[in-house]
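# Remarks on the overall topology
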Amino acid sequence: MIDVELRGDEWLARATELKESGWWLSDLCGLDRRDLGFADRFGVVTQFLHRERRERQIVHIAAAGEPPTVPSICSLWSGANFFEREAFDLFGIHFEGHPNLTRIMMPDEWEGHPLRKDYGVGKVEVDFVPQPFLQIQGLGQSPNSKEAMEKVDDFGQTEDGQRRGDSW
Amino acid sequence: MTRDQLIRQVENEGQGAFVEAYDETDNRMVINMGPVHPSTHGVLRLLLELDGETVTKCLPVIGYLHTGMEKECEDQTWRSAVTIVTRMDYLAPFFNEQVYSLAVEKLLELEVPERGKYIRTMIAELNRLSSHLVCFGTQGLDMGAMSAIFYGFREREVILDFYEMVTGLRMNHGYIIPGGVWQDLPKGWDTAVRNIVKLMPGRIDEYESLLSNNPIFLERTKGIGVLTAAEALDLGASGPIARASGVDWDLRRDMPYDAYGEAKFSVPLGKEGDVYARYKVRMAEMRESVKIVEQMLDGMPGGDFKNMDPKVTHPPRAELNTSMEAVIHHFKLSTQGYTVPTGESSATVESPRGELGCYVVSDGGTSPYRCHVRDPSFVNIQTLSPMSVGGLVADLIASIASIDPVMGGVDR
């Protein structure tokens with residue numbers, strides 16, 4: 001289904017060429033091709049728009065290596081910044097030369113890359129920690145402080161069996 | 001501690017308002033604005049470096065509304081993924097459905113009947129109106145013109161009532177599906193649309209008389225948050241933001257989809273690229289949308305509203321009583337869904353915020369292998385930095401309002 005794909009080292013030259021001939025970067029996203037039968041598991045899919053010719057094209061780049069790496073095109077289009085951060089965050093594809101390659105959607109301390117195919121939906125359990133509710137004992141004590149949280153068990157109840165917040 | 005280290009620290013630890021001068025000899029300080037702030041239009045968080053009241057650096061931090069919708073689509077059937085994508089940009093739900101459906105139709109090589117195309121175009125343009133009305137209202141509110149939001153939401157209510165009449169819901173409709181639309185227009189739809197078409201031009205005049213020549217509004221918007229055409233293209237900005245800077249590009253006119261090829265309308269352009277130009281472009285776009293809605297209303301053809309191929313569409317209810325085939329198709333579609341040939345496809349539409357794209361990959365199964373949505377707000381939010389640097393904090397608020405970001409679309 002993907003006819004032509006570029007290697008990482010060809011990508012920057014090709015992108016420069018595209019920019020010079022008037023193509024505009026419309027979209028960039030990662031793709032996990034685990035079940036699609038490719039030599040390299042990860043790829044980057046970019047879409048370009050030519051306003052004068054009213055044409056669109058899709059360019060595929062293979063992200064080889066561990067971690068998968070492709071060169072960044074932030075120097076050509078500043079708009080690629082967020083796209084590349086997103087692909088890094090959700091697929092773990094590294095972009096060489098990116099000015100600030102950090103997580104963008106997930107929290108900074110998050111482990112794993114959610115859009116990878118081996119990261120199933122619902123695989124990470126979400127703890128629904130009952131929030132202590134309107135229980136400010138002393139002045140300046142936060143109801144969400146660690147001490148306040150420890151007094152509540154998994155069902156949101158205190159030792160004497162009272163549900164927090166009932167008094168409210 | 002260097003400035004970058006401090007920004008990093010605020011980014012990691014800072015919650016709520018956080019102020020610290022990082023150098024005693026320097027007046028600059030780092031302030032955290034958002035994610036919960038009345039004028040950041042949702043959960044947009046900005047890290048600002050200020051010199052007095054002047055913004056010297058602006059860093060948008062997003063992800064506070066990230067719910068992994070692209071991942072969730074991979075668990076849905078092709079048909080039911082519509083209910084996920086419609087929740088992305090919640091002010092313009094029909095556009096999300098439309099772009100996803102267009103992408104899937106390309107893979108399926110599925111024809112949409114004329115009536116389906118017309119309904120889609122009409123309802124999308126009504127959606128553009130209701131979305132721009134929110135933008136108008138909140139922009140006025142952010143500038144201190146509180147009455148704007150009452151006027152904007154008053155007419156939005158009329159349009160939302162029409163959605164309710166057609167889809168049963170006011171948002172997250174799931175109305176546009178691959179192959180057409182889910183249901184035909186209800187009885188009395190034409191009077192409802194005719195009323196909106198008659199009502200809107202006068203009301204848009206009213207809005208313009210409220211804000212367009214208001215000296216306070218002009219003071220707050222003219223020459224503020226300037227974005228040049230070159231910057232807009234470099235940052236990937238599209239839609240009213242790019243057009244206000246003079247980029248003459250509208251997908252509806254230049255690469256028509258659905259029934260836009262048969263509609264006559266003009267594409268409003270701005271020159272200055274400031275907040276006021278963006279406001280004016282949106283106002284003019286609303287007038288054009290009314291024209292398109294009117295043309296769709298007058299030219300609405302009869303016939304099927306969706307592709308009636310039983311392989312992708314549930315058979316009509318009446319057929320189930322008489323036809324065994326219909327029962328089989330119904331069972332297959334309800335339990336398993338249809339398969340889509342292996343391949344990739346992409347589609348783009350002009351949403352109220354700019355170029356909305358959808359890229360889908362199929363591995364031949366009954367659910368999308370990958371469904372990526374290029375949301376215009378996600379890209380447009382990057383223009384905030386060049387717009388606001390060098391201006392005042394109050395002007396930053398004006399810039400945010402003029403970008404009109406929808407955080408549901410930014411974070412997906």
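Residues numbered from 1 in each chain as written. Chains lettered and ligands numbered in written order. Predicted model: local features only at pLDDT ≥ 70, side-chain atom pairs only at ≥ 80, totals over all residues. Heavy atoms only, no water.

## Brief notes about the interface of chain A and chain B
- Counting from both sides, the interface comprises 45 residues of chain A and, opposite them, 41 residues of chain B.
- Note on chain A versus chain B: buried area summed over both sides is about 3,700 Å², and carbon and sulfur give 57% of it.
- The tally of links from chain A across to chain B stands at four salt bridges.
- For Arg54 of chain A, the salt bridge goes to Asp254 of chain B, with nearest N and O atoms at 3.3 Å. (Contact = heavy atoms within 4.5 Å. Buried area = accessible area lost by both parts, 1.4 Å probe. Salt bridge = Lys/Arg side-chain N within 4 Å of Asp/Glu carboxyl O.)

## With respect to the sheet that holds strand β8 (residues 354–362) of chain B
Residue and element names in this part refer to chain B.
- Spatially, the three strands line up as an open sheet ordered β7-β8-β9, and their pairing is antiparallel. Single-partner strands in this sheet number two, and they are β7 (343–351) and β9 (370–374). Going from strand to strand, the sheet's axes swing by 10° on average, the running direction of each strand aside.
- Of the strand pairs in this sheet, β7 and β8 are connected by nine bridges, and their pairing is antiparallel. The partner of Gly343 across the bridge, within β8, is Ser362. (Pairing = 2+ DSSP bridges. Helix = DSSP H or I, 4+ residues; strand = E, 2+ residues; numbered from the N terminus. Axes fitted to C-alpha atoms, helices over the stretch in contact; angles between N-to-C directions.)

## Description of the nonpolar core
- Residues Tyr100 and Phe162 of chain B are the most contacted members of the largest nonpolar core, which totals 142 residues.
- Ranked by the residues each element gives to this core, the list is headed by helix α12 (residues 275–299) of chain B, at 10 residues.
- Excluding residues within four positions of it along the chain, Tyr100 of chain B makes contact with Trp78, Ala81, Val82, Val85, Pro178, Cys358, Val360, Pro368 and Cys371 of chain B.
- In terms of nonpolar packing, the next biggest core, distinct from the first, is built from seven residues, Cys29, Leu31 and Val45 of chain A together with Tyr359 of chain B among them. (Core = buried A, V, L, I, M, F, W, Y, C linked by side-chain atoms within 4.5 Å. Buried < 20%, exposed > 50% of the residue type's maximum accessible area, 1.4 Å probe, protein only.)

## Overview of helix α16 (residues 393–403) of chain B
Residue and element names in this part refer to chain B.
- The buried count for α16 comes to 10 of 11 residues, which makes it a mostly enclosed element.
- If you check which residues of α16 are buried, you get Val393, Asp395, Leu396, Ile397, Ala398, Ser399, Ile400, Ala401, Ser402 and Ile403.
- A positive backbone phi angle near 60° is found at Asp404, which sits one or two residues after α16.

## Re the sheet that holds strand β2 (residues 23–32) of chain A
Residue and element names in this part refer to chain A.
- What the four strands build is an open sheet, ordered β1-β4-β3-β2; its pairing is mixed. Unpaired on one side and paired on the other, β1 (5–6) and β2 mark the two borders of the sheet.
- Judged from the nine bridges that link them, strand β3 (residues 42–50) and strand β4 (residues 55–63) form a sheet pairing that is antiparallel. Paired with Phe48 across the two strands is Gln57, which belongs to β4.

## As for the environment of Gly357 of chain B
Residues and elements named next belong to chain B.
- Tracing the sequence through the fold places Gly357 in strand β8.
- Accessibility expressed as a relative area gives 4% for Gly357, which makes it buried.
- With 19 residues separating them along the chain, Gly357 and Pro376 place their C-alpha atoms 8.2 Å apart.
- Ignoring any residue separated from it by four or fewer positions in sequence, one finds Gly357 in contact with Val99, Ala347, Thr348, His372, Val373 and Arg374.

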